[in-house]
Each structure stands twice: as C-alpha cells, then as structure tokens.
Amino acid sequence: MEKRSQWGTRAGFILAAMGSAIGLGNIWRFPAVAYENGGGAFFIPYLFALLTAGIPLLVMEFTIGHKYRGSAPLSFFRMNKKTEWLGWWAVLVSFVISTYYAVIIAWAISYSYFAFNLSWGQDTEAFLFSDYLNLSVDPGQTGSLVPGVFFPLILVWLITLGVLFKGVKKGIEAANKIFIPTLVVLFLIIVLRAITLPGAAEGLQTFFAPNFDTIMNGSVWVAAYGQIFFSLSIAFAIMITYSSYLPKKSDITNNAFITGFGNSSFELLAGIGVFGALGFMAQQNGVGVEEVVSGGVGLAFVVFPQIINEMPALNGLFGFLFFFSLVLAGLSSLISISETYVAGIKEKLGLSRTAAVGLGGGLAALISILFSTQGGLFFLDAADYFINQFGVAFVGLVEVVIVAWFLRKLTDLQNHANGISDMRLGSWWKISLGIITPIILGYMMFDLFRQNLM
Ligand code: PHE
Ligand code: NA
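Conventions used here
Residues numbered from 1 in each chain as written. Chains lettered and ligands numbered in written order. Predicted model: local features only at pLDDT ≥ 70, side-chain atom pairs only at ≥ 80, totals over all residues. UniProt positions renumbered as here; feature names shortened; annotations may be inferred. Helix = DSSP H or I, 4+ residues; strand = E, 2+ residues; numbered from the N terminus. Rg over C-alpha atoms; globule rule 2.2 N^0.38 Å. Buried ≥ 20, exposed ≤ 12 C-beta atoms within 10 Å, placed from the backbone. Contact = placed C-beta atoms within 7 Å. Near = placed C-beta within 6 Å. Nonpolar A, V, L, I, M, F, W, Y, C, P; charged D, E, K, R; others polar. Expected span 1.5 Å × (residues − 1). Axes fitted to C-alpha atoms, helices over the stretch in contact; angles between N-to-C directions. Parallel < 35°, antiparallel > 145°, perpendicular 65-115°, else oblique. pLDDT = per-residue confidence, 0-100. Core = buried A, V, L, I, M, F, W, Y, C linked by C-beta atoms within 7 Å. Left-handed = near helix turned anticlockwise from the far one by under 90°.

The name an unreviewed UniProt entry gives the chain is Neurotransmitter:Na+ symporter, NSS family, with Thalassobacillus cyri as the organism. For the chain, the Subcellular location (unreviewed entry) comment in UniProt is given as "Membrane".

Listed below in structure tokens is the structure:
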C-alpha cells in the first residue's frame, strides 16, 4: 500500500490549519458581525462559542483525522461503516464553496492590480457592477464571459491545483509556509496604517462600544456560533483531512488551541483595522461611523476602494497591500477546501493524486467559470446564501450528535487525544460537545427553519 503523505513539520501543519481558518471570513465577515451583534458585548457569546464549540470541535476533528487516517468520508467510514455519507456531505458543501470562493479571490487579484492607479474611480459601486462585472450591459449578453474575472480565475485555479498536485508536504505545506507569514506581516502594516488615520479612534470606539442589551438575544448567540464555525473551517471536512496527514506522535489538543486562538487573534486584528479605516472614512465624509459600516463584498470591493481613494498618501500601495492580503488569505483557504474532495475521491476511487486533482479540481474550476460570466453574481449569491443557511452549522450539528450520541465515541476520542497530547482533555470537552453544542446548534437550526419556512 502507498504510504500516507505526511506533514514535514509541526509548524507546517499548524500553518496549513491556520491558513484554512484565516480567510475572507476573518477580514470581511467578523468585523460586521461583531458590530451588528453588540460590539464589545459580542465578545461574551463569541468567546463562549470558541471555548465550548470551536476549539472542542477542532480537537474532535483533529482526533478523528489522526486516529482514522483518512479523508473525511474514509475516516467516518472507519469510525462506523454507516456514517461515510456524513463525510461526503461535508465534502459536497466544501466543493460548492470552492466554486465561488475562487471567484472572490479572482476579483481580489484584479483589484490588487486596479489599486496601483486607483482605476476604480470615484463611483466605486458603479465601477464594481458595471465596469468590472459588466452587469449593466445588455441582459441578452447574460452568460458571456467577463474577461476581467475569467483570466484571474484561471490563475487562481492554476495556483490551487498546482499546489495540490505537488502534494501535502511539497505543495500545501510549502505554500502555507510562505503565504501565512507574509499575510500576517502585510496585514499588520495595513492595520497600523488604518489606526493612525484621522478618525480611526471614533471607528474603534464604535466597534468596541458594548451593547449589553443584545446579550440575551438568541440571534446574537446564533451569530457567534455561525461565525466560529465558518471562521475555523469546522464541519467542512477540512480539518479531518489535514489532520489525517499528521505523524503518529502529534500534540493534537495543543495544536487545536493554537489554531483556534491564532484565528481569533487575526479576526480581532481585522476588526481593529477595518473599523479604524471606517472611522477615517466617516470623518472624511462628515457622517457617523454607523453610516458607513458594511461587510462582505460591499465592504471589500465598494467601501475599501473609497477609503483607499481618500487616503492622504501612498494610496496605491495601501490598496495593493489590502487586496493582496485578501488573495493570500483566500488562496490558503481555497487550497484547504479543495483538498477535501481531492483526498475524498482519491481514496474512494483509488486514483493517483494527479488524477484526483485533475478530476475534482477540474470539475470545480469548470463550474466556477459559470460565476465569471455576466449574471454569474446571481448564482454566486444564491450558492452563498444556501451554504451559509443550511450547510455548515447543520453538518456540524449532525456531526456532533452522531459522534457523541449515536456512536458514543467521545470517550474513545478523548483517550486517543490524551494518549498523545501534553494537554489533557477533561470533562469540559465532553460536556461541550455532548450537551452544550448540540443544544445551541439545535436551537440555531430550529430558528433557521422557522424563519425560512414559516
Ligand atoms: N475559514 C475561512 C474563512 O474564515 C472560510 C472557509 C470556509 C475556508 C470553508 C474554507 C472552507 O474565511
Ligand atoms: Na476564519
């Protein structure tokens, strides 16, 4: 039998796991979610979710991958023949996400280039939708390729599939060893610049001002759990796949804590940078910070270009650093999601890595081209909505309930992790996964279905 690929170093694994976790979710999702859900007060449910669901599930997924040594479908199959489908479900969610995540990275590549000449002009919204995405022209043209998206998208897939093709150590590990340290340095520069802009203090005040009235609100807790799941790449089959390449002796519990806190630190840093910049923009326009807050595509591709336009000096350079950071954060996440289906089909069909990358990655790349056509944005939105609503937390809930209650595997996994880690898992781990997380996720799902179906 072919020997299983392995990470070269412990740092390599941690950087790869962090690379997966740190992504667009940290930069454009977290700041807005935190602000809308109580600002400074949001840290209470957020930390609670990190400690009772995020890190415990990360430990669980690391342990499953390490113990059963397979991609998510194979690991779940080895845990119990009847649960292979759970792995495939997570892989499918990852597959769908990869098809549109790649498109956003392609946009960021184009914008890194536009930044040099601030070629998005003054009306950055019109630029994004009309000039860049071509949405305003003749609807009869819907479906034709938008070259400014198509070509960078091809580049994104060439890099991603190239890295996966090179394998775990020479590809994924090597790439993350460059991407993640570079990203952290660039991002620190951006944040330093942002918080020294005039008006930044008001921005930070707005961000951190605690609104404790919201704390008793169920939707705030739902938002905290949703953010932690998405942000830590939990329940996407990723962390199981990555940990299946760990050597026998690995301190998995400790690694999970490092990954979890590392990701949250980056998230906090992003919140500070983003709100510093928003405070500056509000001051320039003589409005309150609340009026310029946004998240997602609007924040990155409409508001940030405006902020960059208004900066006192070195606008182009700052713009480039910002969008290039998005590219690095995005690529390291895209590599991780794509590895889930590459590994899944490789093991299921007994393919070589090359064939699996060609087949799985090729298919994802082809589908994602659909999103680079005129009107593709519509599909992208629909896919994103669907995944965020019914994908992640739902898989997470089913995963913990099956592992904790149907298979009753928590004690086994706990012993496995404690056998190789310096850090011991105590009863808080089992209580978190067996009781707290299922109750909260169960409530979350109930709430979602109620909102969507009634
Ligand atoms: N964790 C990534 C982020 O915060 C998102 C992601 C989700 C990456 C799923 C890979 C898979 O942006
Ligand atoms: Na993240």
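Caption draft 1: Molecular detail of the overall build of the chain. Looking only at helices and strands, the chain has 18 helices and 0 strands in total. What you see for the chain is a C-alpha radius of gyration of 21 Å, in line with the 22 Å of a compact globule of 454 residues. The C-alpha extent of the chain, read off along each of the three principal axes, is 60 × 50 × 45 Å. The proportion of buried residues among the 454 residues of the chain is 53%. In the chain, the proportion of contacts linking residues at least 24 apart, taken out of those at least 6 apart, comes to 85%.

Caption draft 2: Focus on the site of ligand 1. Taken together, 15 residues form the shell around ligand 1, and within it Gly-23, Gly-25, Ser-233, Ser-333 and Ile-337 come nearest. Contributing elements (two or more residues each) for the shell around ligand 1: α1 (10–21), α2 (24–36), α10 (218–231) and α14 (315–349). A breakdown of the residues in the shell around ligand 1 according to their chemical character gives 7 nonpolar, 8 polar and no charged.

Caption draft 3: Spatial organisation of α1. For α1, built from 12 residues, the straight-helix expectation of 16 Å at 1.5 Å per residue is met to within 8% by its first-to-last C-alpha distance of 17 Å. Those residues of α1 that sit buried are Phe-13, Leu-15, Ala-16, Ala-17, Met-18, Gly-19, Ser-20 and Ala-21. If you follow the buried residues of α1, they end up packed against α8 (168–195), α10, α11 (238–243), α12 (252–284) and α14.

Caption draft 4: Local environment of the packing of helix α7 (residues 147–166) against α8. Across the interface, α7 lies against α8 with an axial gap of 5 Å and an inter-helix angle of 125°. By the angle class used here, α7 and α8 are oblique. Here Val-163, Leu-164, Phe-165 and Lys-166 of α7 lie close against α8, whose contacting residues are Lys-170, Gly-171, Ile-172 and Ala-175. Within the contact of α7 with α8, the residues separate by chemical class into 5 nonpolar, 1 polar and 2 charged.

Caption draft 5: Structural context of the confidence of the model for the chain. Taken over all residues, the pLDDT of the chain has a mean of 93, while the share at 70 or more is 96%. As a predicted assembly, this complex carries a pTM of 0.95 together with an ipTM value of 0.96.

Caption draft 6: Quick peek at the nonpolar core. If you look at the biggest cluster of nonpolar residues, it comprises 157 residues, and the most contacted ones within it are Val-59, Ala-90, Ala-102, Ile-105 and Tyr-225. Considering every element that reaches this core, the biggest residue donor is helix α5 (residues 84–117), with 20 residues. The residues contacting Ala-90, other than those within four sequence positions of it, are Ala-72, Ala-235, Phe-236, Ala-237 and Val-395.

Caption draft 7: Expanded view of the packing of α5 against α14. With their axes 8 Å apart at the nearest point, α5 and α14 run at an angle of 160° to one another. Classed by the angle they form, the pair α5 and α14 counts as roughly antiparallel. Crossing handedness for the pair α5 and α14: left-handed. Split by residue class, the contact of α5 with α14 holds 21 nonpolar, 11 polar and no charged.

Caption draft 8: Representation of the environment of Thr-99 within the structure. Mapping Thr-99 onto the fold places it in helix α5. Sequence-wise, Thr-99 and Met-311 are 212 residues apart; in three dimensions their C-alpha atoms are separated by 34 Å. Those residues in contact with Thr-99 that sit more than four places away from it in its chain are Ala-364, Ile-367, Ser-368 and Phe-371.

Caption draft 9: Spotlight on α10. Over its 14 residues, α10 extends 20 Å from the first C-alpha to the last, a length consistent with the 20 Å expected when each residue adds 1.5 Å. For α10, the tally of buried residues reaches 12 of 14 residues, placing the bulk of the element in the interior. Where α10 is concerned, the buried positions are Val-220, Trp-221, Val-222, Ala-223, Ala-224, Tyr-225, Gly-226, Gln-227, Ile-228, Phe-229, Phe-230 and Ser-231. Within two residues after α10, Ser-233 carries a phi angle of roughly 55°, on the positive side.

Caption draft 10: How the structure looks around unusual backbone geometry. Of note, the phi angle at Ala-235 is positive, near 70°, even though the residue is not glycine. Note on placement: Ala-235 falls in the loop between α10 and α11. Although it is not a glycine, Arg-408 adopts a positive phi angle of roughly 50°. Residue position: Arg-408 is located in the loop between α16 (376–406) and α17 (410–420).

Caption draft 11: Representation of the environment of Gly-199. Looking at the element boundaries, Gly-199 is found in the loop between α8 and α9 (200–208). Distance in space between the C-alpha atoms of Gly-199 and Phe-261 is 29 Å, their sequence separation being 62 residues. Not counting chain neighbours up to four residues away, the residues in contact with Gly-199 comprise Gly-279, Phe-280, Ala-282 and Gln-283.

Caption draft 12: Summary view of the environment of Tyr-245. By the secondary structure assignment, Tyr-245 is in the loop between α11 and α12. According to the C-beta neighbour criterion, Tyr-245 is buried, with 23 such atoms within 10 Å. When the C-alpha positions of Tyr-245 and Val-395 are compared, they lie 23 Å apart, and in sequence the two are 150 residues distant. Non-local contacts of Tyr-245, meaning those with residues more than four positions away in its chain, are made with Arg-4, Ser-5, Gln-6, Trp-7 and Val-168.

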